[in-house]
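# Examination of the molecular architecture
These are the residues of each chain, in order.
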Amino acid sequence: MRLLKKTTFAIVDDTKKNKKSALRVQAGIEKPSSVNPVLKSGLGKFKKPKLNIELLVKNIFKGDRSSLSRGITIVESSLPTDKILAKQIIHECLPYSGNSIRIGITGVPGVGKSTFIETFGNFLIEKGKKVAVLAIDPSSKRTKGSILGDKTRMESLSNNPNAFIRPSASAGTLGGIARKTRETITLCEASGFDIILVETVGVGQSETAVAQIVDFFLLLMLAGSGDELQGIKRGIMEMADMILINKADGDNMTKADLARREFENALLLFPALENNWVPIVKTASALYSKGIEDVWDTISKYLKLTTENGHFQLKRSKQSGEILQESIESALMDNFYNDPDLKEKIKSIKKEIDKGNLSPYDAADELLDVYLKRKNN
Ligand code: GDP
């Protein structure tokens, strides 16, 4: 230990005396700053490139999938700056939209939606179509991830250049998600997708929203689970243009056929549709690609009938009318309830109602009076 100390001292000492000595201690270099000097000078400042909407839209028109994805992300965003961009994108895409067939697909978890979409999607692509798969999934708000429209569930389809799979917009109200899905459809159509499959879980919340978006509604069901309606509400069955009993393979084929007849009978009890379409019940096996052609034939027949009798356009026009009305209503409600003065007034008026000094009807008139006067000033 002593020896070591001595040697160290000798070396340092030597540098002072003889600069040419090989034992000289190097002065070393100064510790560099942890900040990149280029950045410090401001020269290399990272600037997020300004989004060129014109170019983005042009690439969407060309069918470039990453531009389409970027466009959809902007449409889904709730940032005020993105909202302005989203309006521009949609405005540019609208004239080139509307030319697809929009098909809603629903059914309880496990019925085979993703298996069906994969088989059906590949079938359509073989027919020369370009297929986009979108999802409406209000439950994903809770799980922070969507169980629908998931690429890992539709592996072969997602690898196909003629397919585009987009998981559900994962935040917001059902109305908000439906609106974003509709806008996403506009972008997909402008990008050349001619079949849009909108997937949703058939548990009763989102079907009405899907019905406002699609031309044709397909309900997937299972046979032989005892309760033939499997928790599917009557309202959902009423919306279906076709019921497909999936997993009609192996031992399940007879049961599937039985279920088909039962559903046919159940549908007879529903009132006739305005567009003269009689909902069809068929069996299929998404896993073994059986009955898939029947689905396409049925959709083609539906399209033929409704385009000839004018109901195809009528339905789309009705749908946009409903969306217009809903948008106005929700904007008005937001405006009314977010007015800071009115918020206070509502609280005080509520107290008066509770004391029995004012009827809720008169209170509503009074509040609306205040609101309208403020708007007119
Ligand atoms: P989803 O939750 O509705 O999307 O259902 P999936 O497509 O994930 O299917 C659930 C399970 O059912 C998977 O194990 C599939 O392999 C299986 N499955 C789907 N379609 C069929 C079918 O036509 N026949 C059989 N036997 N199984 C199927």
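Cut-offs applied
- Residues numbered from 1 in each chain as written.
- Predicted model: local features only at pLDDT ≥ 70, side-chain atom pairs only at ≥ 80, totals over all residues.
- Heavy atoms only, no water.
- Helix = DSSP H or I, 4+ residues; strand = E, 2+ residues; numbered from the N terminus.
- Buried < 20%, exposed > 50% of the residue type's maximum accessible area, 1.4 Å probe, protein only.
- Contact = heavy atoms within 4.5 Å.
- Areas by Shrake-Rupley, 256 points an atom, 1.4 Å probe, with all protein chains shown as cover.
- Pairing = 2+ DSSP bridges.
- Core = buried A, V, L, I, M, F, W, Y, C linked by side-chain atoms within 4.5 Å.
- Domains from an automatic or database assignment.
- Phe/Tyr/Trp six-rings, centres within 6.5 Å; stacked < 30°, edge-to-face > 60°.
- Lys NZ or Arg CZ within 6 Å of the ring centre and 35° of its normal.
- Expected span 1.5 Å × (residues − 1).
- Axes fitted to C-alpha atoms, helices over the stretch in contact; angles between N-to-C directions.
- Parallel < 35°, antiparallel > 145°, perpendicular 65-115°, else oblique.
- Left-handed = near helix turned anticlockwise from the far one by under 90°.
- 1 Å grid on protein atoms, 1.4 Å probe; cavity = no way out; pocket = protein on both sides within 12 Å on 5 of 7 lines; lining within 4 Å.
- Points joined across faces, edges and corners; volume = space filled by probe spheres on them.
- Nonpolar A, V, L, I, M, F, W, Y, C, P; charged D, E, K, R; others polar.
- Disulfide = S-S within 2.5 Å.
- pLDDT = per-residue confidence, 0-100.
- Salt bridge = Lys/Arg side-chain N within 4 Å of Asp/Glu carboxyl O.

As a further point, take the overall build of the protein. Counting its secondary structure elements, the protein contains 16 helices and seven strands. For the protein, the residues scored as buried account for 39% of the 377 residues in total. Once local pairs closer than 6 in sequence are excluded, the contacts in the protein between residues at least 24 apart make up 73%. Accessible surface, the protein as shown: approximately 22500 Å² in total, 56% of it carbon and sulfur.

Counting buried residues along strand E2 (residues 131–136), six of its six residues qualify, which places the element largely inside the surrounding structure. Taking every second residue as pointing to the same face, both faces of E2 are buried, with Val131, Val133 and Ala135 on one and Ala132, Leu134 and Ile136 on the other. The pairing of E2 with strand E3 (residues 163–165) spans three bridges and is parallel. Bridged to Val131 within E3 is Ala163. In the sheet, E2 pairs with strand E4 (residues 195–201) via six bridges, with the strands oriented parallel. Residue pairing in the sheet places Val133 in a bridge with Leu197 of E4.

Of all hydrophobic cores here, the largest spans 45 residues; its most connected members are Ile89, Leu187, Cys188 and Ile243. A per-element tally of this core places helix H9 (residues 174–190) first, with six residues. Of the residues that make up this core, three or more belong to each of domain 1 (52–96) and domain 2 (97–311). When residues no more than four places from it in sequence are discounted, the contact partners of Ile89 are Ile53, Leu56, Val57, Ile60, Gly71, Ile74 and Leu187.

Attention now goes to the packing of aromatic side chains. Tallying each qualifying case throughout the model produces eight aromatic pairs. Taken together, the aromatic side chains of Phe116, Phe120 and Phe123 make up a single cluster linked through ring pairs. Here the basic side chain of Lys130 rests over the ring of Phe193, its NZ or CZ set 4.6 Å away from the ring centre.

Further remarks concern helix H14 (residues 311–337). Between its first and last C-alpha, H14 extends 38 Å over 27 residues, near the 39 Å set by a 1.5 Å rise per residue. Within H14, burial applies to His311, Phe312, Arg316, Gln319 and Phe336. Buried residues belonging to H14 abut strand E1 (101–107), H9, helix H10 (207–211), helix H13 (292–308), helix H15 (340–355) and helix H16 (360–376).

Our next topic: the packing of helix H5 (residues 80–93) against H9. The contact between H5 and H9 brings their axes to 9 Å, and the two run at 50 degrees. When the interaxial angle is binned, H5 and H9 end up oblique. Considering only the axes of H5 and H9, their crossing is left-handed. Of the residues in H9, those in contact with Ile89, Ile90 and Cys93 of H5 are Glu183, Thr186, Leu187 and Ala190.

Time to look at the layout of surface pockets. Within this model, the largest pocket holds a volume of roughly 1200 Å³. Around the largest pocket, the lining is made up of 36 residues, and of these Gly176, Arg179, Lys180, Glu183 and Ser327 lie nearest the centre. At the level of elements, H5, H9 and H14 are the ones that each hand at least two residues to the lining of the largest pocket. Considering only residue class, the lining of the largest pocket consists of 11 nonpolar, 13 polar and 12 charged. There are two domains that each give the lining of the largest pocket at least three residues, and those are domain 1 (52–96) and domain 2 (97–311). Here the second largest pocket defines a volume of roughly 920 Å³. Around the second largest pocket, the lining comprises 35 residues; the ones closest to its centre are Glu238, Met239, Asp241, Leu273 and Asn275. Of all elements in the fold, only H10, strand E5 (216–221), helix H11 (234–239), helix H12 (253–268), strand E7 (280–283), H13 and H14 reach the threshold of two or more residues within the lining of the second largest pocket. Among the elements that make up the lining of the second largest pocket, the one with the highest residue count is H14 (six residues). Residue composition of the lining of the second largest pocket, by class: 20 nonpolar, seven polar and eight charged.

A few words on the state of the cysteines. A covalent bond between the sulfur atoms of two cysteines is what we call a disulfide. Per the stated rule, a full pass over the model turns up zero disulfides. Of all cysteine sulfurs, the one in Cys188 lies closest to Cys93, which takes part in no disulfide; the gap is 9.7 Å. Take Cys93: its relative accessible area is 0%, and that puts it in the buried class. Since its relative accessible area comes to 0%, Cys188 is described here as buried.

Our next topic: the confidence of the model for the protein. With 77% of its residues at a pLDDT of at least 70, the protein reaches an overall mean of 83. Mean pLDDT across the secondary structure elements of the protein bottoms out at helix H1 (residues 2–17), with 44, and peaks at H13, with 97. Confidence drops under pLDDT 50 across residues 1–17; counting only partners more than four residues distant or on other chains, this segment forms seven contacts. pLDDT under 50 marks residues 141–146. Its contacts with residues more than four places away, or in other chains, come to seven contacts.

We now examine the pattern of salt bridges. The final tally for this structure, using the stated rule, is 15 salt bridges. Linking Lys355 and Glu352 is a salt bridge whose minimum nitrogen-to-oxygen distance equals 3.7 Å. Linking Lys355 with Glu352, this pair stays in helix H15, spanning three residues, or about one helical turn. By relative accessible area, which is 29% here, Glu352 ends up partly exposed. Where salt bridges share partners, they join Asp257, Arg260, Arg261 and Glu264 into one cluster.

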